[in-house]
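Coordinate inspection notes
Spelled out from the first residue to the last, the chains are:
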Amino acid sequence: MSETKRLVLLGSTGSIGTQALDVAEKLGYPVLALTAHRQVDVIEAQIRKFRPRYAAMSDKNAAADLKARVADLPVTVLSGAEGLCELAALPEADVVLNAIVGVAGLRPTMAALTAGHDVALANKETLVAGGALVTETAKAHGVRLLPVDSEHSAIFQCLQGAPVERALKRVILTASGGPFFGKTREQLADVTAADALRHPNWDMGAKITIDSATMMNKGLELIEARWLFDMPPEKIDIVVHRESIIHSLIEYDDNAVLAQLGLPDMRIPIQYALTYPRRVASPAETLSLAEIGTLTFFEPDNVTFPAMDLCRRALTVGGTAPAAVNAANEAAVALFLKGEIGFLDITAKAARMLAYTWPALNSLDDVLAADREARELVQKG
Ligand code: NAD
Ligand code: MG
């Protein structure tokens, strides 16, 4: 028997957002609201197709433009971060999928949780920056964070039916290794944004593609796993797996290891987060292991890619240090994409944040203040 959920989709114009609409269409889920930053053309077409009652643009000029363009439709267009938060908290919603990139997704996540909505979370920066605050808010409102990130979806799927005493020894995140697997630091000094944007297995937004090239993405995912699964960082391992077929694994105290496999297609974890706890047919292709033949595994190279250890250290420091590292990384990736800093400078700038003392994390304002300060430090060079 199928079940329908009314969906609010934040970040609908991006890589995850467009795939989520694909999934929602196949599932027959009604779309209540769509949001984006500036991509007016894309969201206008989405509104004409999916007929949501609400839309919002975080950029105010884009909101005014969109409003004029869809004046013939019964859709209310809101604007700014407040508009996004209002839609994240829509009382009629059954699930909110957050596919925004960056810490801009944190306030909408908090708004959705506080309104009592389950959040299907692609926006990993929410958990990296907001950590304990976000998980405590979900708990306090009796709602779930449903992972969309493929590794965390894999762990979440492996944990279904786990005994109450889960006796988990560790979780093992798989990493593709990105476009620069096997390279040395010297070879990476002069790589350009175009080189770094060529990911071998996944077609994603620019920011996460650069994060995959620096392996910061795996560091952010380590922090994400710490909060989603309440696992101390020393129980989270990373293994490089070039084929991206095993999406992650868990190991119990008796050394039994469980894994989730599939072709690299984000529509599988997106759909599971939306239909959870049900499973229904997917448009994604079937996995044929015989066709793939060989799966390979390597230790991560923490010398060429220090971002993973950096994120581990940020977690150990705690408080708003992970928020600062995340913000510095966002700012540095933007500079790299503009050609203003080198590839190795990205992680170096994020690492510099740990030379400062960061305050405790007691409120959303604490996170946002650390985020602002870290960005200023990066801008100052
Ligand atoms: P993307 O850049 O393709 O899309 C980002 C979306 O967020 C767009 O709709 C954009 O309009 C919106 N947005 C951008 N800046 C905003 C702002 N300041 N305020 C509000 N909205 C804003 O990104 P993506 O690749 O779809 O990634 C989205 C999130 O999902 C990221 O956190 C990423 O790490 C995570 N994720 C992505 C993938 C993937 O395959 N793309 C996989 C796992 C996790
Ligand atoms: Mg991932």
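Residues numbered from 1 in each chain as written. Chains lettered and ligands numbered in written order. Predicted model: local features only at pLDDT ≥ 70, side-chain atom pairs only at ≥ 80, totals over all residues. Heavy atoms only, no water.

As for the sheet that holds strand S11 (residues 257-261)
Where strands meet in a sheet, backbone hydrogen bonds hold them as pairs that are either parallel or antiparallel. Defined as follows: Two strands qualify as a pair provided that DSSP identifies no fewer than 2 bridges between them. Strands are runs of DSSP state E lasting at least two residues, helices are runs of H or I lasting at least four, and both sets are numbered from the N terminus onward. To get an axis, fit a line to the C-alpha atoms, keeping to the stretch in contact for a helix; angles then go from 0 to 180 degrees between the N-to-C directions.
Judged by pairing direction, the sheet is mixed, and its four strands sit side by side in the order S9-S8-S10-S11 without closing on themselves. In this open sheet, the two strands that pair with only one neighbour each are strand S9 (236-240) and S11. For this sheet, the mean angle separating the axes of adjacent strands, direction not counted, is 20°. For strand S8 (residues 168-175) and S9, the ladder comprises five bridges, and the chain directions are parallel. Residue Ala 175 lies in a different strand from S9, and its bridge partner there is Val 240.

Focus: the coordination of the magnesium ion (ligand 2)
Put simply, a metal with four donors set out as a tetrahedron has ideal angles of 109.5 degrees, and one with six donors set out as an octahedron has ideal angles of 90 or 180 degrees. Formally: The donor set comprises N, O and S atoms within 2.8 Å of the metal, extended to 3.2 Å for Na, K and Ca; water molecules are omitted, so apparent gaps in a site may simply reflect that omission. Relative accessibility under 20% of the residue-type maximum defines a buried residue, over 50% an exposed one, and the middle range a partly exposed one, all with a 1.4 Å probe and only protein chains included.
Distances from the magnesium ion (ligand 2) to its protein donors, Asp 149 (OD), Glu 151 (OE) and Glu 221 (OE), fall at 2.1 to 2.2 Å. Of note, the donors binding the magnesium ion (ligand 2) are all from one chain and are spaced D-x1-E-x69-E. Taken together, the positions of Glu 151 in helix H7 (residues 150-158) and Glu 221 in helix H11 (residues 216-228) put the pair 70 residues apart, joining distant regions of the chain. Side by side, Glu 151 and Glu 221 carry an identical accessibility label, which is buried.

Some points on the site of ligand 1
Using the following cut-off: Each residue is tested against the molecule or strand, and it is near if at least one of its non-hydrogen atoms lies within 4 Å. Think of a polar contact as two N or O atoms within 3.5 Å of one another; within protein, one of them needs to be a possible hydrogen donor and the other a possible acceptor, and neighboring residues in sequence only count if both atoms come from side chains. Residue-level accessible areas treat just the shown protein chains as cover; the underlying method is Shrake-Rupley with a 1.4 Å probe. Residues are grouped as follows: nonpolar covers Ala, Val, Leu, Ile, Met, Phe, Trp, Tyr, Cys and Pro; charged covers Asp, Glu, Lys and Arg; every other residue, Gly included, is treated as polar.
In the region of ligand 1, 24 residues are neighbours, and Thr 13, Ser 15, His 37, Glu 125 and Gly 205 sit closest. Contacts to ligand 1 include Gly 11, whose backbone N or O atom sits 3.2 Å from an oxygen atom. The contact in question runs from an oxygen atom of ligand 1 to an N or O atom on the backbone of Gly 14, over 3.2 Å. Compared with its free state, where it exposes 830 Å², ligand 1 has 88% of that area covered by protein. Residues belonging to the shell around ligand 1 are distributed by class as follows: eleven nonpolar, ten polar and three charged.

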